[in-house]
Every structure is written in structure tokens, then in C-alpha cells.
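# Descriptive structure summary
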Amino acid sequence: MTAATRLAAVIGSPVAHSLSPAIHNAAFAALGLPWTYLAFEVAPGRVAQAVRGMRALAGFDGMSVTAPHKLAAANEVDGLSPDAMALGVVNTVVRQPDGRLRGESTDGPGLLASLVDSGFDPVGRRCVVIGAGGAARAITRSLARSGAAEVMVVNRTRENAIRTCAFAGAVGRVGEPQDVVNAELVVNATPLGMIGGDDDRLVLDPAHLREGQLVVDLVYDPPLTPFLQAARDRGATAVNGLGMLVHQAALQFSLWTGEDAPLGAMWAAVGRK
Ligand code: NAP
């Protein structure tokens, strides 16, 4: 590192478990770029200070934003991409040539790119998103915009499902667990199944899963969640959230550096391919 090294960093709370430093540093190294990537714990309520710090520190040119700060960060940047504007959240901050900070949201496009890896094209397909939080909103919007015939949101709190399915416009609707059997894509966008989580129930009765479905769990720790194991036992294709993580990072990388992301190095950093 030299005085010319540029910095990118993730802010979140907690952030110590984040795989983003490994993924991004592998990518910078693979292309020989003079960048480094760190993780900063930022307490809730201090996001404005964190973004002000980035603004003042020339060379701190890229920021990833993870839970619980995505909403707060959207209020601190100078401009928003159309996706970030529609969703009201930011997972990426990019310093533009004029110094202004632009907020982007790469979660939805990241999920779409991971579906391509699984050979799944959403056009004309029936999709279910379980959960109605920030990730669910991003995914619901992206699936609808990429041509899904239906995006159904299934969630324990119905009011949140109503709000989230609105992000799919005309193809969005609120669903019940028993509707899942008709879907071709099922995405778990809740934290259920995560190592260290406080609820070890399955997010859905596996009786609603079947052969021919692609089941994606946004959780990737453990790599095979109980929900994915149940999906596999029912004959469905089961995929964890590492693909979305790597692809949303690849999009961030390109936004910051202007370069195509070295996906092979990024996958290797999380132990795959
Ligand atoms: P969030 O905004 O907190 O939303 C969580 C959603 O899960 C809410 O709809 C909530 O339901 C539901 N939920 C929480 N606990 C539940 C339980 N015990 N039973 C049933 N439903 C429950 O979280 P988020 O930011 O959307 O993230 C969701 C998950 O996706 C997290 O595990 C996160 O780590 C993961 N994620 C992964 C990636 C990736 O790249 N792989 C990217 C983003 C997020 P209510 O509406 O009823 O509260």
C-alpha cells in the first residue's frame, strides 16, 4: 500500500463476520489494482457520520452498506440510482469524478445474476419470495422488472407482504404458504436458518416444495441450510446465497473501478470454483 492506495469498505453492525473484505481484496489483487478493502463496525445512529467521513477522506472511494444501515445510508448520499431511489435503500456508495456520493442498490441485480448461473430465466415464470424486508423488496422488484409472470410475497406479517409486493407492480401479489407449490422459483429472504439465529424452525413446510423448482436461500452460513436440505430432499434444485453475495459484490467492484469484475477470483475467495 502507498499514499496513492484507494480505499473501499463495508459498514454494518455486526460486520466482523463479513466475507466482503475477502471477496473484494481478491478481486483488486487479481487485477493488480491499487485498492484495499476494510470492514468498519458502525453503530446504529452513526451512519450520517460514517458517510460524512467518507466524503472528507479523498481516496475513500467506495462503500458497501450492510444491515442495519441500508435505509439510513440512502438519506446521506448526494444522489441515487433508479433502483436505490425506488427501494429507498443503498448497499453501495460510489464517489463520482466530481466528488459527489451516489447511492446504488446491487442486491436485486446480484440475485438475478446468480439465477443465470443456475440456468434460470425469470421471463414468464411464477416466483415466490418468502420474507418482506429489504432483501425481499430488492428481489421482488428485480424479478418483476426482468419479466416474471408473477411475484408472490409470502410473509409472517401480512401488512409487510402487501407493501413489498407493490415493488413488483402489476405482477405482484400476496401469497400463502400453500401457493408455493405452484411456483417455479422460491427464494427465502428471511434470516431463518442462519448459524447462530434464535429461531430454528423452517421458514416453510417442505410439503410445499417439489421437483422442478429452483429454491434459493439468501442465507449462506451454513452453506446447506435446513431449508435447502429439505428442498433437496423433496427433489428441488437448492442454491444458497453465496451466488447473490458474489454477484452483488462484482457489480459494486465495477461501479468503483470501471473494470469488469474477476469473478473467478471472487468465487475462489469464498471457497468455490
Ligand atoms: P430484514 O429487512 O430484517 O427482513 C427480514 C424478513 O424476514 C422480514 O420480512 C421478517 O418478517 C422475516 N422474518 C424474520 N424473522 C422471521 C421468523 N422468525 N419467522 C418468519 N419470518 C421472519 O432482513 P433483510 O435485510 O431483508 O435480510 C434477510 C436475509 O437475507 C438475511 O439473512 C440476510 O443476511 C440475507 N441477505 C443475503 C444477501 C446475500 O447476498 N446473500 C443479501 C442481502 C440479505 P416480518 O416482516 O414479519 O418482520
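Look above for the structure.
Note that the structure is predicted; figures quoted are calculated from it, not measured.

With that settled, consider the nonpolar core. Within the largest apolar cluster, 21 residues are counted, with the highest numbers of intra-cluster contacts made by Ile23, Phe28, Phe253 and Met266. For this core, the leading source of residues is helix α9 (residues 242–257), giving seven residues. For Met266, the contacting residues outside a window of four places in its chain are Ile23, His24, Ala27, Val246, Ala249, Ala250, Phe253 and Ala261.

This paragraph deals with empty space enclosed by the protein. Counted according to the given criterion, the structure contains one cavity of 30 Å³ or more. Roughly 40 Å³ of volume is contained in the largest cavity. Along the walls of the largest cavity sit Asn188, Leu192, Gly193, Arg201, Leu202, Val203, Asp217, Thr225, Pro226 and Phe227, which together make up its complete lining. Per-class residue counts for the lining of the largest cavity are five nonpolar, three polar and two charged.

A word on the site of the ligand. Surrounding the ligand, one finds 22 residues, the nearest of these being Ala132, Ala135, Arg156, Thr157 and Asn160. Within the backbone of Gly133, one N or O atom sits 3.4 Å away from an oxygen atom of the ligand. Within the contact set of the ligand, a nitrogen atom lies 3.0 Å away from a backbone nitrogen or oxygen of Gly241. Mapped by element, the contributors of at least two residues to the shell around the ligand are α6 (134–145) and α9. Its residues assigned to classes, the shell around the ligand comprises eleven nonpolar, eight polar and three charged.

Let us look at the pattern of salt bridges. Tallied over the full model, the rule gives ten salt bridges. Across the pair Arg6 and Asp61 runs a salt bridge, and its minimum N-O distance is 2.7 Å. Linking Arg6 in strand β1 (residues 6–12) with Asp61 in strand β3 (residues 60–65), this pair joins segments that are 55 residues apart in sequence. Judged by its relative accessible area of 33%, Arg6 is partly exposed. One salt bridge connects Arg125 with Glu184, and the closest N-O pair in it is separated by 3.9 Å. Linking Arg125 in the loop between α5 (107–117) and β7 (126–130) with Glu184 in the loop between β9 (172–174) and β10 (185–188), this pair joins segments that are 59 residues apart in sequence. Connected via shared salt-bridge partners are Arg6, Asp61 and Arg95.

Calculation notes
- Residues numbered from 1 in each chain as written.
- Predicted model: local features only at pLDDT ≥ 70, side-chain atom pairs only at ≥ 80, totals over all residues.
- Heavy atoms only, no water.
- Core = buried A, V, L, I, M, F, W, Y, C linked by side-chain atoms within 4.5 Å.
- Buried < 20%, exposed > 50% of the residue type's maximum accessible area, 1.4 Å probe, protein only.
- Helix = DSSP H or I, 4+ residues; strand = E, 2+ residues; numbered from the N terminus.
- Contact = heavy atoms within 4.5 Å.
- 1 Å grid on protein atoms, 1.4 Å probe; cavity = no way out; pocket = protein on both sides within 12 Å on 5 of 7 lines; lining within 4 Å.
- Points joined across faces, edges and corners; volume = space filled by probe spheres on them.
- Nonpolar A, V, L, I, M, F, W, Y, C, P; charged D, E, K, R; others polar.
- Near = heavy atom within 4 Å.
- Polar contact = N/O pair within 3.5 Å; in protein donor to acceptor, adjacent residues only side chain to side chain.
- Salt bridge = Lys/Arg side-chain N within 4 Å of Asp/Glu carboxyl O.

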